[in-house]
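# Descriptive structure summary
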Amino acid sequence: MPELGKLALAIALILAVYSIVANIYGVRRDAPDFVVSARHALWSMCAMVTIAVGALWTGLLRSDFSLEYVAAYSSTTLPTIYKITSLWGGQQGSLLFWTWLLSIFTSIAAFQNRRRNPEIAPYALAVMAAVAIFFLGMLNFVTRPFDLLATIPAEGSDLNPLLQNYWMAIHPPSLYTGYVSATVPFAFGAAALITGKLDDAWIRTTRRWAIFSWFFLTLGNMFGARWAYEVLGWGGYWAWDPVENAAFMPWLVMTAYLHSVMIQERKDMLKIWNLSLIGLAFGLTLFGTFITRSGVISSVHSFTQSGLGPYFLTFLIIVTLAYSALLIFRSNQLRSPADFESYLSREAAFLFNNLFLVGIAFAVFWGTIFPVLSEAVRGVKITVGPPFFNRVNGPLALGLVFLMGVGPLIAWRRTTADNLLRSFAAPVILGVSTGVVAAALGLREWYVLTALSLAAFAMGTIIVEFRRGMNARRHLVSEPRVRALVNLVAKNNRRYGGYVIHVGVVVAFVGIIGSSFFRTDVKKSVHPGQSFTIGSFTLRFLGLSQIETPHLESATARVEVLRADGREVTVMEPAKLFYKRAQQPATKVAIRSTPIADLYLVLAGIDDTGETATFEVFLTPLVFWLWAGGLLMVLGTVIVMWPNVRERAAIAAALSASRAGAPAGETAPGGE
Amino acid sequence: MRRRILVRLLILVVAALFVFLSPELKNVSRETFAAETPTNAQVSQSLTCQCGCGLTVANCNMPTCGFSVPVRAEIDQMIGKGMSRARIIAFYRHKYGEKVLSAPTAEGFNLLAWTMPFIALFVGGGLIVLAFGRWRSASPSLPSGANPEGAADSFDPELKRRLKRELEERM
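Residues numbered from 1 in each chain as written. Chains lettered and ligands numbered in written order. Predicted model: local features only at pLDDT ≥ 70, side-chain atom pairs only at ≥ 80, totals over all residues.

## Considerations on the overall build of chain B
For clarity, the cut-off: A run of H or I in DSSP counts as a helix once it spans at least four residues, and a run of E counts as a strand once it spans at least two, with each numbered from the N terminus. Counting other C-beta atoms within 10 Å of each residue's C-beta, where C-beta atoms are placed from the backbone, gives the exposure class: buried for 20 or more, exposed for 12 or fewer, partly exposed between. The contact criterion used is a C-beta to C-beta distance within 7 Å, with each C-beta placed from the backbone.
Each helix and strand in chain B was counted, giving 6 helices and 0 strands. When its helices and strands are written in sequence order, chain B yields α-α-α-α-α-α. For chain B, the proportion of its 171 residues judged to be buried stands at 23%. Counting only contacts in chain B whose residues sit at least 6 apart along the sequence, the fraction spanning at least 24 positions is 59%.

## With respect to the overall build of chain A
For clarity, the cut-off: In this description the radius of gyration comes from C-alpha coordinates, and the expected globular size is given by 2.2 Å times residues to the power 0.38.
Counting secondary structure elements, chain A contains 21 helices and 10 strands. Relative to a compact globule of 672 residues, whose C-alpha radius of gyration would be 26 Å, chain A shows 27 Å and is just as compact. Considered along the principal axes of its C-alpha atoms, chain A spans approximately 80 × 75 × 60 Å. For chain A, the proportion of its 672 residues judged to be buried stands at 54%. For chain A, long-range pairs separated by at least 24 residues make up 72% of all intrachain contacts whose partners lie at least 6 apart in sequence.

## Quick word on the nonpolar core
Residue and element names in this part refer to chain A. The line we're drawing: We define a nonpolar core as a collection of buried residues of the types Ala, Val, Leu, Ile, Met, Phe, Trp, Tyr and Cys that are connected via C-beta atoms lying within 7 Å of each other.
Ala 124, Val 253 and Ala 455 are the most contacted members of the largest nonpolar core, which totals 248 residues. If you tally residues by element for this core, the top one is helix H9 (residues 201–232), at 20 residues. Setting aside anything within four residues of it in sequence, one finds Ala 455 in contact with Val 401, Val 506, Phe 509 and Val 510.

## Things to note about the sheet that holds strand E1 (residues 520–526) of chain A
Residue and element names in this part refer to chain A. Rules: When DSSP finds at least two bridges between two strands, those strands are taken to pair. Fitted lines through C-alpha atoms give the axes, limited to the stretch in contact for helices. The angle between two N-to-C directions lies from 0 to 180 degrees.
If you trace the 4 strands from one edge of the open sheet to the other, you get E1-E10-E9-E8, paired in antiparallel fashion. Each edge of the open sheet carries a strand with a single partner, namely E1 and strand E8 (590–593). Pairwise comparison of adjacent strand axes, ignoring direction, gives a mean angle of 15° for this sheet. As paired elements, E1 and strand E10 (residues 613–621) share 7 bridges and run antiparallel to each other. If you follow Val 522 over to E10, its bridge partner there is Val 617.

## A short note on the pairing of E10(A)
Residue and element names in this part refer to chain A. Burial within E10 is extensive, with 7 of its 9 residues counted as buried. Relative to E10, strand E9 (residues 597–606) runs antiparallel, the two sharing 9 bridges. The residue bridging Leu 603 from the neighbouring strand is Phe 615, located in E10. Here E9 hands over to E10 after 6 residues, with Gly 610 in that stretch at a positive phi of 80°.

## A look at the confidence of the model for chain B
All names here are of chain B. In plain terms, the rule: What pLDDT expresses is the predictor's confidence in each residue, scored from 0 to 100.
Scored by pLDDT, chain B comes out at a mean of 74, with 61% of its residues at no less than 70. Here helix H1 (residues 2–30) stands out as the element of chain B with the lowest mean pLDDT, 53, in contrast to helix H4 (residues 85–96), whose mean of 91 is the highest. For this predicted complex, the interface score ipTM comes out at 0.82, alongside a pTM of 0.87.

## What about H9(A)?
All names here are of chain A. Counted only if it meets this: Here the expected length of a helix is defined as 1.5 Å per residue gap, with one fewer gap than residues. What is called the bend at a residue is the angle between a pair of axes, fitted to the seven residues leading up to and ending at it and to the seven starting from it.
Helix length check: H9 (32 residues) gives 45 Å between terminal C-alpha atoms against 46 Å at 1.5 Å per residue, within 8%. Along its length, H9 shows its largest kink, about 50°, at Arg 207. With 29 of 32 residues buried, H9 lies mostly within the body of the structure. Gly 233 lies just past H9 and shows a positive phi near 70°.

## So, unusual backbone geometry
The phi dihedral of Asp158(A) is positive, around 85°, even though this residue is not glycine. Locating Asp158(A) in the fold gives a position in the loop between helix H6 (121–142) and helix H7 (166–181).

## Regarding the packing of helix H10 (residues 242–267) of chain A against helix H13 (residues 346–378) of chain A
Two measures define how a pair of helices packs: the angle their axes make with one another and the distance between the axes. Residues and elements named next belong to chain A. Rule in force here: What sets the label is the angle itself: under 35 degrees gives roughly parallel, over 145 gives roughly antiparallel, 65 to 115 gives roughly perpendicular, and the rest give oblique. Put simply, a crossing is left-handed when the front helix is turned counterclockwise from the back one by less than a right angle, and right-handed when it is turned clockwise. The classification used treats Ala, Val, Leu, Ile, Met, Phe, Trp, Tyr, Cys and Pro as nonpolar, Asp, Glu, Lys and Arg as charged, and all other residues, Gly among them, as polar.
Where H10 meets H13, the closest approach of the two axes is 9 Å, and the angle between their N-to-C directions is 160°. Here H10 is positioned roughly antiparallel relative to H13, judged by the angle of their axes. You can see that H10 and H13 cross each other, and the crossing is left-handed. For the contact of H10 with H13, the residue count by class is 15 nonpolar, 7 polar and 2 charged.

## Observations regarding the confidence of the model for chain A
Interpretation of this model should avoid reading the predicted coordinates in detail wherever pLDDT is low. This prediction gives chain A a mean pLDDT of 88; 94% of its residues lie at or above 70. Between residues 662–672 of chain A, whose pLDDT stays under 50, and residues either more than four places distant or in other chains, the model counts 34 contacts.

## Observations regarding the environment of Ser423(A)
Looking at the secondary structure, you find Ser423(A) in helix H15 (residues 417–440). In this structure, Ser423(A) is in contact with Leu409(A) and Val464(A), ignoring residues within four places of it in sequence.

## Points about the environment of Thr105(B)
All names here are of chain B. Note on placement: Thr 105 falls in the loop between H4 and helix H5 (111–138). Look at Thr 105 and you get partly exposed, because 19 C-beta atoms sit within 10 Å. Spatially, the C-alpha atom of Thr 105 lies 26 Å from that of Lys 81, the residues being 24 residues apart in sequence.

## Looking at the environment of Leu277(A)
Residue and element names in this part refer to chain A. Mapped onto the secondary structure, Leu 277 falls in helix H11 (residues 271–294). Among the residues examined, Leu 277 registers 26 C-beta atoms within 10 Å and is labelled buried. In this structure Leu 277 touches Val 253, Ala 256, Tyr 257 and Ser 260, once residues within four positions along its chain are discounted.

## Some points on the packing of helix H5 (residues 91–112) of chain A against H7(A)
All names here are of chain A. Orientation of H5 relative to H7, taken along the N-to-C sense of each, is 50°, at an axis distance of 10 Å. Taken together, H5 and H7 sit at an angle that is classed as oblique. Crossing of H5 against H7: the hand is right-handed. Contacts between H5 and H7 pair Ser 94, Phe 97, Trp 98, Leu 101, Leu 102 and Phe 105 from the former with Pro 172, Tyr 176, Thr 177, Val 180 and Ser 181 from the latter. Among the residues forming the contact of H5 with H7, the class breakdown is 8 nonpolar, 3 polar and no charged.

See the structure below:
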């Protein structure tokens, strides 16, 4: 199997190189056979990488410790599900997994474009193949997943215990899918620059890819936050760790891109900006990988650190320089027609939304690299942690939520004062009332009051927008309310799906505010039978039970949770785990989640006699809504991505217009 | 004229952000923290765990961490002795250097860390305003006083037919 994996990776590399040569030769010499051959080469490359992945999975499932990777990241007692997830638990495996996803997405893009975009698709596929060559080069020559050990150990070192969690089974694949799928719109953008076909055909062709990437980046960030919440045991979900930041930045930039392309689709403006954003989003995915693997910045995500940093940095620099050179080279052709009337317009709101999104991305980037900068300039190591990021991003987030409220109700081109008053009166009243009620309830932090008011304002504008649409339908086609709502969303899925995503963001924002500002915690050491309180809950320690399996030892505490009136609410069972192979302790928290607050119980320690247990308890208000907001964002994205006949017709029209050389906007309705 | 007003408005917004930021900067630079007894969480959030986890001392929850566990206990003792948050933090800064602080101080080179994001935002906002100005002067706009919502009245019949058709499709 290892030999098969090695061979498959070597062939995949050769095929990737061949596909670039054949694609470029085919399109430049007008030799379609070569383009077809290049496509087949890419599919074969995907098959080869799949074989390599299969070979490594086989090694992991069979506990073949002759493979260095399997010996380092697995063990005979590791549960099967984690043997499978070990594929992305270590350096080489995660790079192989990345390459596999890239080869799959490249194959799909090749299939989708087998009969369309004949001018730019071969270049786009060549760009994707070039990215694949970098990763395949690493796997073949630098960090090889099929290296063998001279002496075969009887047992493996096991997977890092922190990664033995079901969120870890889905968090890295989601994030990697988000990262890797950003390659497709980037490659088409680069191809548009190479060929000079700079209308919006590349945007329409890759719009779903961009949303797909954004969707998985959202999922990846959410799953990562949930993993931190359940596994790290500190009661929080986001620590502004460099690797978390590295996943957050492409999400921000991709969000900005998804908004600003609407201006290009509608008004043929912002071509340079959109191409820059997609280049930046792709660059940030590489930067994220560089951060994770280089070790230049210390991070809680040190699972895959290695000496690969210089390779990634070099690749990142090459990509940045090449893409920037293309942008500069084509800058004259990228000049857009000026079509702007008023600051009180949706395009202005979108641009300021871009400013805040990219501004937050910059603030995160700046904070992430500042320790390196400080060490280089002053020779002093410093840390840039949560207080910095919270303080700097706090006001920017408020601006963003405000603009999210303004965007839906403001018209394209220009909005009159009357229209503004009519549209925003109700949301403004809702926002102000929320602030007043919150203040009356005793909240005093001005940030919280402003944040809640703005969240209510943004929610108000979305409700007004839905209500308007529903009323219009009821008026024009005499539908009952519910059917009008369903049809409204179904027939304008891109627009209203987007609003559902906005609702999700607002809901998650409220969850973040509640959980960040009002968390309380208690730490207590108690004997069995003793109680302590947090908030309105009384917690009574019932006792400990020990379990030992070949894989781990665990001590589980039973804690009865009572209301003030003595009524039992639930029994919670936090545990301390000790993984035998890795010789590492870990914590299993117990969480009782409600829309009001989460009760989060950590078994922090057990004394030597085994009688006294120390508990750390967090009562975190509204954190439930962070996850609910995430689900709404998922729902919204599904609505946006739902197949839409009208949109398909628009894409076809845009592509035919592109072939005919006419501006696509003239023939294709822009949608929302 | 309106452009000038908008530029001023933008300057005001940025200034407001700095005002918002200033209490924290003041805290960080002069370490004039509140005089009342601090909690362990307040102090340990300001310190970074040195075990390599990258989290704050408050957040590192490694059960056997050789740094955060003893430091949290020490902080409890220092609070018990009546030490202020500033003094406790100064103690650790003296002992481990600047890297133990969870945020950069707002002095000297580190000021760049705090100000650069807002400078970038300001510059970005300025560029947008400039671009808007250029686009607007080059853009064919509706005659003054025209109501874009009433503009449909001046549509030619073909446009009206197209609008009706698209409305029917959407509905």
